[in-house]
Every structure is written in structure tokens, then in C-alpha cells.
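# Residue-level structural notes
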Amino acid sequence: MKLFFLALIIFALFFFGFGYYQEKKNPAGVGPGSVFYPIDRAIEWLEANVLTLNESQKIELRLSFMQERLDELQALEAIHQLTQDHVASVATQYDTLAGQVQKGLKKVPADVDPEKAQELFTKVQTLSAQQKETLKDILERTTGTSTQGMLDAVVQTATSAFERAQELIKNR
């Protein structure tokens, strides 16, 4: 039994030590390419789909995850480790989150307090604009690299999501 606990402690120290090393290496925390990245995504999914019941809170949470994806790209670009695989992974997740935000915005019931609904839509609009600026910044610094085309696709997704959010706001 003592041997089991000793092995468990050694495993935990190794696991968390490796995680600490990965986090220190990447300023945005765990990012694409990390062995912990799938775990981080699974925790986000659990938080957004199981632990959060209010649709407005889900939208805000997913918007923060979208920004986190862009922060991961910025961090990887800053340490010159931005690869096509990383951009593709982030682009897919960003696109999925953008779609979920749009679906969530459509689900916000009409009987919700109009002031709260407008506050949510304004927040979506503001965050979408910030994300577009973040992407433009990344694009400027990566001009002529192999990731350029994939980053352009992420910009298109962000632009499209921003325009759809504006349309939903107008039709509200």
C-alpha cells in the first residue's frame, strides 16, 4: 500500500511539474501542441455545456474561450512556435465556438429583460470587435509565413461572426 501511495505521489509531482514547465514556456498557458491541451478543451466543454445552465452565461463563457484561442495564437507567435497545425487546431475550435455563440444568441428568449438582452448583445459586439483587432495584429506580424492563409480564414470567421451578431442585434 505504501508503494502505491509513493508511486501516486511521484506521478502527481511529475504530472504537475511537467504542467508547470509547459505553462511557463507558453505565456498564454496550455496551448496547441501541449499534452494538456485536450484536457484543457475538455474542461472548457464541461464548463460551458454541463456546469453552466443560463444561455447568456454560456455565450459569455464561449466568447471568453474564443479570446483565449486568439491569445494562444499570439503567445505561440511571440515565441516563434506558430505552426500550420496550431493555427488549424485553433481555427477549428474558434469556428465551432463562433457557431455556438450564434446559436446561443438566437436562443436568448424574447421575454428576457430587454435591458439585459441589449447588454449581452453589446458585449458580444464589443468582444467580437476586439477579437478582430487581435487577429489583425497577429496577421501583421506573420505576413509571408506559411500560416498566413489559415490565419486569413480565422479572420473571415471572426468577421462573419461579428456581422451575424450585428444582424441579430438589429432584428431583436
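Details of the structure are given in the entry above.
All of the points below concern the structure found in this document. (Residues numbered from 1 in each chain as written. Predicted model: local features only at pLDDT ≥ 70, side-chain atom pairs only at ≥ 80, totals over all residues. Heavy atoms only, no water.)

## Re the nonpolar core
The cut-off we apply is this: In this text, buried Ala, Val, Leu, Ile, Met, Phe, Trp, Tyr and Cys residues form a nonpolar core when linked through side-chain atoms within 4.5 Å. Relative accessible area decides the class of each residue, using a 1.4 Å probe on protein chains only: under 20% of the type maximum gives buried, over 50% gives exposed, and in between gives partly exposed. A helix here means a DSSP run of H or I that spans at least four residues, while a strand means a run of E at least two residues long, and both kinds are numbered starting from the N terminus. Should any heavy atoms of two residues lie within 4.5 Å, those residues are considered in contact.
Residues Ile 59, Met 66, Leu 73, Leu 105, Val 124 and Leu 151 are the most contacted members of the largest nonpolar core, which totals 35 residues. Looking at this core, the elements with two or more residues in it are helix H2 (37-51), helix H3 (55-78), helix H4 (84-107), helix H5 (114-141) and helix H6 (148-171). When residues no more than four places from it in sequence are discounted, the contact partners of Leu 151 are Leu 73, Leu 82, Val 87, Ile 138, Leu 139 and Thr 142.

## So, the environment of Leu 82
When you line up the elements, Leu 82 lands in the loop between H3 and H4. Between the alpha carbons of Leu 82 and Glu 72 there is a distance of 9.4 Å; along the sequence they are ten residues apart. Contact partners of Leu 82, with chain neighbours within four places excluded, come to Leu 73, Leu 76, Glu 77, Val 87, Thr 142, Thr 147 and Leu 151.

## A look at the packing of H3 against H5
Quick note on the threshold: In this analysis an axis means a line fitted to C-alpha atoms, helices contributing only their contacting stretch, and an angle means the value between N-to-C directions, from 0 to 180 degrees. Any angle that is under 35 degrees is reported as roughly parallel, and any over 145 degrees as roughly antiparallel; angles of 65 to 115 degrees are reported as roughly perpendicular and all others as oblique.
Look at H3 against H5: their axes get within 10 Å of each other, and the N-to-C directions meet at 10°. Relative to H5, the element H3 is oriented roughly parallel. Here Ser 56, Ile 59, Glu 60, Leu 63, Met 66, Gln 67, Leu 70, Leu 73, Gln 74 and Glu 77 of H3 come into contact with H5, specifically with Leu 120, Lys 123, Val 124, Leu 127, Gln 131, Thr 134, Leu 135, Asp 137, Ile 138 and Arg 141.

## Brief notes about the packing of H3 against H4
Operational definition: Note: crossing handedness is left-handed where the near helix turns anticlockwise from the far helix by less than a right angle, and right-handed where it turns clockwise.
Packing of H3 against H4 brings their axes to within 9 Å, and their N-to-C directions diverge by 160°. In terms of axis orientation, H3 runs roughly antiparallel to H4. Regarding H3 and H4, the two cross each other, and that crossing is left-handed. Residue-level contacts link Glu 55, Ile 59, Arg 62, Leu 63, Phe 65, Met 66, Arg 69, Leu 70, Glu 72, Leu 73 and Leu 76 of H3 to His 86, Val 87, Val 90, Gln 93, Tyr 94, Leu 97, Ala 98, Gln 100, Val 101, Gly 104, Leu 105 and Lys 107 of H4.

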